[in-house]
Amino acid sequence: MHTTAPALDRLLGDWSAGTGPAHRKLTERIRLLILDGRLSLGVTMPGERDLAATLGISRTTVATAYAALRETGYLTTHQRTRSTTTVPAAAHTGHHATDLLGAELIDFSYASPPAPGAALHQAYTWALEQLPRHLPRHGYAQIGLPELREAVATRYRARGLATTPEQILITTGAQHGLHLLVRTLLRPRARVVVDHPTYPHALHLLRTTAARITPVALTDTGWDLPALAAATSGAELAYLLPDFHNPTGMCLAPAERERIRLGCPAVVDETMAELALETDPPVPLAAHHRDVISVGSVSKTFWGGLRIGWIRADTGLIQRLAQARAGTDLGTPILEQLAATALLERIDTILPTRLEELRQGRAHLLSLLGEHFPDWTVAPGVGGLSVWAMMPDPISSTLAALAPQHGLRLAAGPRFGIGGAFERHLRIPYSLDTPALDAGIHALTATVDGAHSGHRATDTPKTSLA
Ligand SMILES: Cc1ncc(COP(=O)(O)O)c(C=O)c1O
């Protein structure tokens, strides 16, 4: 796999902003792209001359940056071949310098709540009791256990969307469902419309399938319906997050759900749909439009460690996806499916506590941000797990690179967009407890001060995020 100079140019975005020598800024930006996963490992880089011409800089600047990346283990070159991306051995271990010193990093790169411990324990106890019923059979649940498919369908009906269990395929998390859909539905180089910003792992998935991505910018108040109608006309698929949008927490209003016109089938990712904090729970978009495929998950409602998700579609597509699935995996673990069934059956008792904790976390985070960063614009959203903050300066990637030195892990704004957009943005989760939020904002304050006083990163930000 190789990347062209124009493609790298788009990923680099506004890399030359700020102070310091150009080769150092270029080095830092390429390093962050590799660590963030925006530049995959094993990718052949453009030649120095090509990249210099495309970026409008001297070849020496590119050569110096490439040399620095080679020295620090982010590029390798074998006898006269082009440089390819890699990561240094220490980064492979997943440990940071700070981790190795024994200090835990506060992790703002995940927007994922902890498990509801007691409820999860009870669900697994019940699941273990049920397991013997399944032991005489082979245990490969390619389409999902009937009881879980029924529990998911029941939940859709409660949310206002008539659904039968035959319309549900159980997956190993929503990300697995997205992968299965993309692999089954998209042709190479298909045009796919996405919200902008959007969920980074979906962008990553689309990039790896070489989809042509058309971003449609969200406005300050939500979705631009005429722009979506125009962009989806002639596209192969849209990937949308109407409830609740990651990272902004916005929700598509009920009247707009009816009004929205889409020119292509849409995959609606409802991973956050149960987390309605300041609004009524939305009726799924599929209740208004036939060409909508819904993807859901228990990861944010209950716990990411369960690895249970699903796809809701017409029965023909569900059968097709179940067959296609065998190419990569043969089913989702039975015990986790049983535990998820138990949790979904008790959702009405578990969810209110979860929502109350998130409301408190959100209020606390908003007050900390107001106190420490009065010049940031924070859009609080109405649900989900994070706020999307806009800073006065384009320093998001710099902050992500510097943050580990201050005990913090951040996801840089450009991970949520195309072509280096969102360098002034940060997604900040409120799914952590009060001490972690306090410590995280304290570390963020030190990181921002460091960025303003021109410190350089010496540590490696972690690459994962959810
Ligand atoms: C919008 C969105 N989709 C999908 C996922 C992945 O969900 P799962 O853990 O079920 O794979 C996440 C997790 O953060 C998410 O935020």
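Computed from a prediction, not measured in an experiment: that's the story for all the values here.

Turning our attention to the confidence of the model for the protein. Looking at the protein, pLDDT values average 91 and 94% of them are 70 or higher. Of the regions scoring below 50 in pLDDT, residues 91-102 engages in 20 contacts with residues more than four places distant in sequence or in other chains.

On to the nonpolar core. Counting residues in hydrophobic clusters, the biggest one holds 89 residues, and the most contacted among them are Leu306, Trp376, Leu410, Ile428 and Leu444. Per-element accounting of this core gives the leading share, 8 residues, to helix 15 (residues 347-372). With near-sequence residues (within four places) excluded, Leu444 lies in contact with Phe373, Trp376, Leu408, Leu410, Leu426 and Ile428. If you look at the next biggest cluster of nonpolar residues, it comprises 30 residues, including Leu180, Leu237, Val267 and Ala313.

This part takes up the site of the ligand. Taken together, 14 residues form the shell around the ligand, and within it Ala174, Asp269, Ser297, Ser299 and Lys300 come nearest. The separation between an oxygen atom of the ligand and a polar main-chain atom of Gln175 is 3.0 Å. At 2.7 Å from an oxygen atom of the ligand is found a side-chain nitrogen or oxygen belonging to Ser299. When the free accessible area of the ligand is taken as 390 Å², the share hidden by the protein chains comes to 96%. Of the residues assigned to the shell around the ligand, the class counts are 5 nonpolar, 6 polar and 3 charged.

Glancing now at the sheet that holds strand 7 (residues 237-240). Read across the sheet, 7 strands follow the order 4-10-9-8-7-5-6 without closing on themselves; strand pairing throughout is mixed. The open sheet has two edge strands with one neighbour each: strand 4 (168-171) and strand 6 (212-217). Strand-to-strand twist of the sheet, defined as the mean angle between neighbouring strand axes without regard to direction, takes the value 20°. Relative to strand 8 (residues 266-269), strand 7 runs parallel, the two being bridged by 3 bridges. Residue Ala238 lies in a different strand from strand 8, and its bridge partner there is Ala266. Set on the sheet, helix 9 (residues 174-185) makes contact with strand 4, strand 7, strand 8, strand 9 (292-297) and strand 10 (309-312); between it and strand 9 the angle comes to about 150°.

As far as domains go, the protein holds domain 1 (5-92), domain 2 (97-112 + 358-452) and domain 3 (117-345). The centre of domain 2, based on its C-alpha atoms, is set 27 Å off from the matching centre of domain 3. Opposite the 23 residues of domain 2 that make contact, domain 3 presents 23 residues. Buried surface at the junction of domain 2 and domain 3, both sides included, amounts to about 1900 Å², of which 63% is carbon and sulfur. Taken together, the links from domain 2 to domain 3 amount to 1 salt bridge. Inspection of the domain 2/domain 3 interface yields 14 residue pairs in polar contact (both at pLDDT 80 or more). Those elements that provide at least two residues to the side of domain 2 that touches domain 3 are helix 15 and strand 12 (386-390).

The rules behind the values
Residues numbered from 1 in each chain as written. Predicted model: local features only at pLDDT ≥ 70, side-chain atom pairs only at ≥ 80, totals over all residues. Heavy atoms only, no water. pLDDT = per-residue confidence, 0-100. Contact = heavy atoms within 4.5 Å. Core = buried A, V, L, I, M, F, W, Y, C linked by side-chain atoms within 4.5 Å. Buried < 20%, exposed > 50% of the residue type's maximum accessible area, 1.4 Å probe, protein only. Helix = DSSP H or I, 4+ residues; strand = E, 2+ residues; numbered from the N terminus. Near = heavy atom within 4 Å. Polar contact = N/O pair within 3.5 Å; in protein donor to acceptor, adjacent residues only side chain to side chain. Areas by Shrake-Rupley, 256 points an atom, 1.4 Å probe, with all protein chains shown as cover. Nonpolar A, V, L, I, M, F, W, Y, C, P; charged D, E, K, R; others polar. Pairing = 2+ DSSP bridges. Axes fitted to C-alpha atoms, helices over the stretch in contact; angles between N-to-C directions. Domains from an automatic or database assignment. Buried area = accessible area lost by both parts, 1.4 Å probe. Salt bridge = Lys/Arg side-chain N within 4 Å of Asp/Glu carboxyl O.

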